[in-house]
Amino acid sequence: MNLSKREFLQVLGAAGAAGMALGTHAQADAATAGNALYDVPAFGNVSFLHMTDCHAQLLPIHFREPNVNIGIGAMKGQRPHLVGEALLKSVNVRPGTPGAHAFTYLDFEQAARRYGRVGGFAHLSTLVQRMKAGRKGALLLDGGDTWQGSATSLWTNGQDMVDACKLLGVDVMTGHWEFTYGMERVQEIVEKDFAGKVDFVAQNVKTADFGDPVFKPYVIREINGVPCAIIGQAFPYTPIANPRYMVADWSFGIQDDNLQKMVDEARAKGAKVVVVLSHNGMDVDLKMASRVRGIDAILGGHTHDGMPVPTLVENAGGKTIVTNAGSNGKFLGVLDFDVQGGQVRDFRYRLLPVFANLLPADKAMDALITRIRAPYEAKLAEVLARTDGTLYRRGNFNGTGDQLLLDAMMEVQGAQIAFSPGFRWGTSLLPGQDITREWLMDMTATTYSYATVTEMTGATIKTVLEDVCDNLFNPDPYYQQGGDMVRVGGLSYTCDPTAGMGRRIDNLRLGDALLEADRVYKVAGWAPVAEEAKSAGNKQIWEVVEPWLQSKKVIAPRKLNEPALKNVLPNPGIA
């Protein structure tokens, strides 16, 4: 894509709507404020709506954005590795506004009480319909991580989200956590539920034996007479970040060369607009945009970065727009193209926060959600305890929600050390709120949430931490293969994200004593990727944590166990 003289102003102005102040009477003036916030004039003749990483959250929730998102090397100080005030300054959003609450952790408790919950499929549905009303032929793209992350998605084998997405009007999707339901279940949904309604695309998922495509690599849809290709890029490291046995017959990977072939093939078939619907993570998308030519935009997910401003990446063919649309149903991306003479001449992009108080619930979606939840409502609503502090998951090293899980595992299972995966999904609770079974499942619901206790040597523990740290901080985004850093309980350590592989973790201690390389320690964990955990009679993690919560009744604010950092500060990715 070759864009014209107004690129810089457009990119800066894209965040305008998100920065609007609602004032102290936002609740009373909800209709007025909503009209102002969501008044996004149509532009051009080709439009895409983008959602990603909703993690099966059908109802409005609170979600605290990270205060630690470190960029290393060339990524330091660049979006998405900006947090708090540094991010607001970068995207021209004023502090104290709804946008500041949506995009950052700043004043989280006060802002969450002021502006209310975010997301919810009934409210998202209203916004989708509103955006489509002025954008004839607009397509709704789903970037994946949609069928996983809640109790009802786990208990219905993803069916709740499949039904909700069909009603929402999703046109095209790709995947990641979807694959943890297993190959047969994914194929069943794609071939039956989605037939004639939703295209599931993934150019980088092939059979492990002959390398045949498992899904369509792309689709071409016509929007107002303009042929548009949507190419799917599923999470390339699914067999590493999640259990391999769940996708045993399929291969994944980034596959730049094949992506270039798909772009060229789609162009040869007449596509005038090419977008990639990606679940790579934003750093990977930025590198991919520099290497593959002919892509007008990459609509990205996986890293849950709510970026109100797109990044323009130069490559051999021109420029590519790279976006990332956050998580948990909090945002809807709106990308409008002006296509003239078979070429993209201009664009507008907005990332709209979904404030449940400002968007009326769509009645049809609300009714579907009520039906889905009815058989489980009492079980979901059961109160396990109350929290006196904010509980959240996000950030490179730990969150108070994960700290709760670590503390429970060590106490219940008698372990000296505990590990909790660096998952990015999970919802937030405010001080004084009840900890329900639903919240616990929001933090733990996977198809392999087995709780384990393992004997590990000090040397093995260091190796585990080094491996995960390299996945997070490798200076080449193409080697970043997982989520955030594994959360650690009981153990202190020092981390130098700028060091080389195998040299980032140091000074591991239990209390005042250094960890001994040859000594064996008792380590609790959950969600192992090894297949053996399936048949070992392990409890699910929620079965371990529930009784602990019930016995405590009131959960005091959690003290975060985070590493001491070396050679990082100052860094705008750390608040």
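Residues numbered from 1 in each chain as written. Predicted model: local features only at pLDDT ≥ 70, side-chain atom pairs only at ≥ 80, totals over all residues. Heavy atoms only, no water.

Quick notes on the overall build of the protein
Stage number 1. Within the protein one finds 18 helices and 25 strands.
Stage number 2. Compactness check: the protein gives a C-alpha radius of gyration of 23 Å against a globular reference of 25 Å for 575 residues, within 12% of the reference.
Stage number 3. Its C-alpha atoms give the protein principal-axis dimensions of about 70 × 55 × 50 Å.
Stage number 4. Contacts in the protein between residues far apart in sequence, at least 24 positions, make up 78% of those at least 6 positions apart.
Stage number 5. Accessible area for the protein stands at about 20,900 Å²; split by element, carbon and sulfur atoms hold 50% of it.
Stage number 6. Seen as two clouds, the 57 positive and the 62 negative side-chain charges of the protein have centres 4 Å apart. (Helix = DSSP H or I, 4+ residues; strand = E, 2+ residues; numbered from the N terminus. Rg over C-alpha atoms; globule rule 2.2 N^0.38 Å. Contact = heavy atoms within 4.5 Å. Areas by Shrake-Rupley, 256 points an atom, 1.4 Å probe, with all protein chains shown as cover. Lys, Arg positive; Asp, Glu negative; His and termini not counted. Charge placed at Lys NZ, Arg CZ, Asp CG, Glu CD.)

Overview of the packing of aromatic side chains
Stage number 1. Within this structure, the stated rule accounts for 19 aromatic pairs.
Stage number 2. Taking the centre distance of 5.3 Å and the plane angle of 75° together, the rings of Trp177 and Phe423 count as edge-to-face. Of the two residues, Trp177 sits in the loop between strand S3 (172–173) and helix H9 (183–193) while Phe423 sits in the loop between strand S16 (417–420) and strand S17 (434–436), which places them 246 residues apart along the sequence.
Stage number 3. Under the relative-accessibility criterion, Trp177 is labelled buried at 4%.
Stage number 4. Where Phe397 meets Phe473, the ring centres are 5.9 Å apart and the plane angle is 35°; that geometry is what we call tilted. Taken together, the residues Phe397 in the loop between strand S15 (383–387) and helix H15 (400–413) and Phe473 in helix H17 (residues 458–473) connect sequence positions 76 residues apart.
Stage number 5. Judged by relative accessible area, which is 4%, Phe397 ranks as buried.
Stage number 6. Among the aromatic residues, those joined into a ring-pair cluster are Trp147, Phe179, Phe194, Phe200, Phe215, Trp250 and Phe252. (Phe/Tyr/Trp six-rings, centres within 6.5 Å; stacked < 30°, edge-to-face > 60°. Buried < 20%, exposed > 50% of the residue type's maximum accessible area, 1.4 Å probe, protein only.)

Quick notes on the pairing of strand S14 (residues 343–353)
Stage number 1. Relative to S14, strand S13 (residues 331–340) runs antiparallel, the two sharing 10 bridges. Bridge pairing links Gly333 to Leu351 in S14.
Stage number 2. Between S13 and S14, which follow one another and run antiparallel, lie 2 residues, and Gly341 among them has a positive phi close to 60°. (Pairing = 2+ DSSP bridges.)

Considering the layout of surface pockets
Stage number 1. Size it by volume and the largest pocket reaches roughly 920 Å³.
Stage number 2. In terms of lining residues, the largest pocket is bounded by 37 residues, among which Ala241, Pro421, Val468, Ala527 and Val529 are the most central.
Stage number 3. Counting only elements with at least two residues in the lining of the largest pocket, the list comes to helix H10 (238–241), S16, strand S18 (451–457), H17 and strand S23 (520–526).
Stage number 4. Considered class by class, the residues forming the lining of the largest pocket number 19 nonpolar, 14 polar and 4 charged.
Stage number 5. Looking at the second largest pocket, its volume works out to about 310 Å³. (1 Å grid on protein atoms, 1.4 Å probe; cavity = no way out; pocket = protein on both sides within 12 Å on 5 of 7 lines; lining within 4 Å. Points joined across faces, edges and corners; volume = space filled by probe spheres on them. Nonpolar A, V, L, I, M, F, W, Y, C, P; charged D, E, K, R; others polar.)

A word on the environment of Ala133
Stage number 1. If you trace the backbone, Ala133 turns up in helix H6 (residues 121–133).
Stage number 2. A C-alpha to C-alpha distance of 42 Å links Ala133 and Asp249, two positions 116 residues apart in sequence.

Digging into the sheet that holds strand S2 (residues 139–142)
Stage number 1. Spatially, S4-S3-S2-S1-S13-S14 is the arrangement adopted by the 6 strands of the open sheet, whose pairing is mixed. Pairing within the sheet leaves two strands with one partner each, and these edge strands are strand S4 (199–200) and S14.

Observations regarding the side chain of Thr323
Stage number 1. Inspection of the secondary structure assignment puts Thr323 in strand S12 (residues 318–324).
Stage number 2. Judged by relative accessible area, Thr323 falls into the buried class, the value being 0%.
Stage number 3. If we ignore the near neighbours within four places in the chain, the residues touching Thr323 are His50, Ile298, Leu299, Gly300, Pro310 and Tyr349.

Some points on helix H18 (residues 541–552)
Stage number 1. With 12 residues, H18 should reach 16 Å at 1.5 Å per residue; the first-to-last C-alpha distance of 17 Å fits that figure.
Stage number 2. Along H18, the positions that sit buried rather than exposed are Ile541, Trp542, Val544, Val545, Glu546, Trp548 and Leu549.
Stage number 3. Positive phi shows up at Lys553, right after H18, with a value of about 70°. (Expected span 1.5 Å × (residues − 1).)

Quick look at the pairing of strand S9 (residues 273–278)
Stage number 1. The buried fraction of S9 amounts to 6 of the 6 residues, a majority that puts the element mostly inside the structure.
Stage number 2. Where strand S7 (residues 226–233) meets S9, 6 bridges bridge the pair, whose relative direction is parallel. Across the sheet, residue Ala229 finds its bridge partner in S9, namely Val274.
Stage number 3. In this sheet, strand S10 (residues 297–300) lies alongside S9 in parallel orientation, the contact comprising 3 bridges. Paired with Val275 across the strands is Ala297, a residue of S10.
Stage number 4. Tracing the backbone out of S9, into helix H12 (residues 282–291) and back to the parallel element S10 gives a crossover that is right-handed. (Right-handed = clockwise from strand over helix to strand, strands pointing away.)

Focus: the sheet that holds S12
Stage number 1. Ordered in space as S6-S7-S9-S10-S12-S11, the 6 strands form an open sheet in which the pairing is mixed. The open sheet terminates on both sides in strands that have one partner only, identified here as strand S6 (218–223) and strand S11 (311–315). On average, each strand axis in the sheet is tilted by 25° relative to the strand beside it, whichever way the strands run.
Stage number 2. As paired elements, S6 and S7 share 6 bridges and run antiparallel to each other. The residue of S7 that forms the bridge with Arg221 is Cys228. (Axes fitted to C-alpha atoms, helices over the stretch in contact; angles between N-to-C directions.)

A few points about the nonpolar core
Stage number 1. The biggest cluster of nonpolar side chains holds 118 residues, and the ones touching the most others in it are Phe48, Phe121, Trp147, Phe179, Phe215, Trp250 and Phe337.
Stage number 2. When neighbours within four sequence positions are excluded, Phe121 is seen to be in contact with Met51, Cys54, Gln57, Leu58, Met161, Ala164, Cys165, Leu168, Met365 and Ile369.
Stage number 3. With 40 residues, the next largest nonpolar core counts Leu391, Met410, Ile435 and Ala527 among its residues. (Core = buried A, V, L, I, M, F, W, Y, C linked by side-chain atoms within 4.5 Å.)

Considering the environment of Met365
Stage number 1. Of note, Met365 is situated in helix H13 (residues 363–373).
Stage number 2. Residue Met365 is classed as buried on the basis of its relative accessible area of 0%.
Stage number 3. As a C-alpha pair, Met365 and Asn67 span 298 residues in sequence and 33 Å in three-dimensional space.
Stage number 4. When near neighbours in sequence (up to four residues on either side) are disregarded, Met365 contacts Phe121, Ala122, Ser125, Ala164, Leu167 and Leu168.

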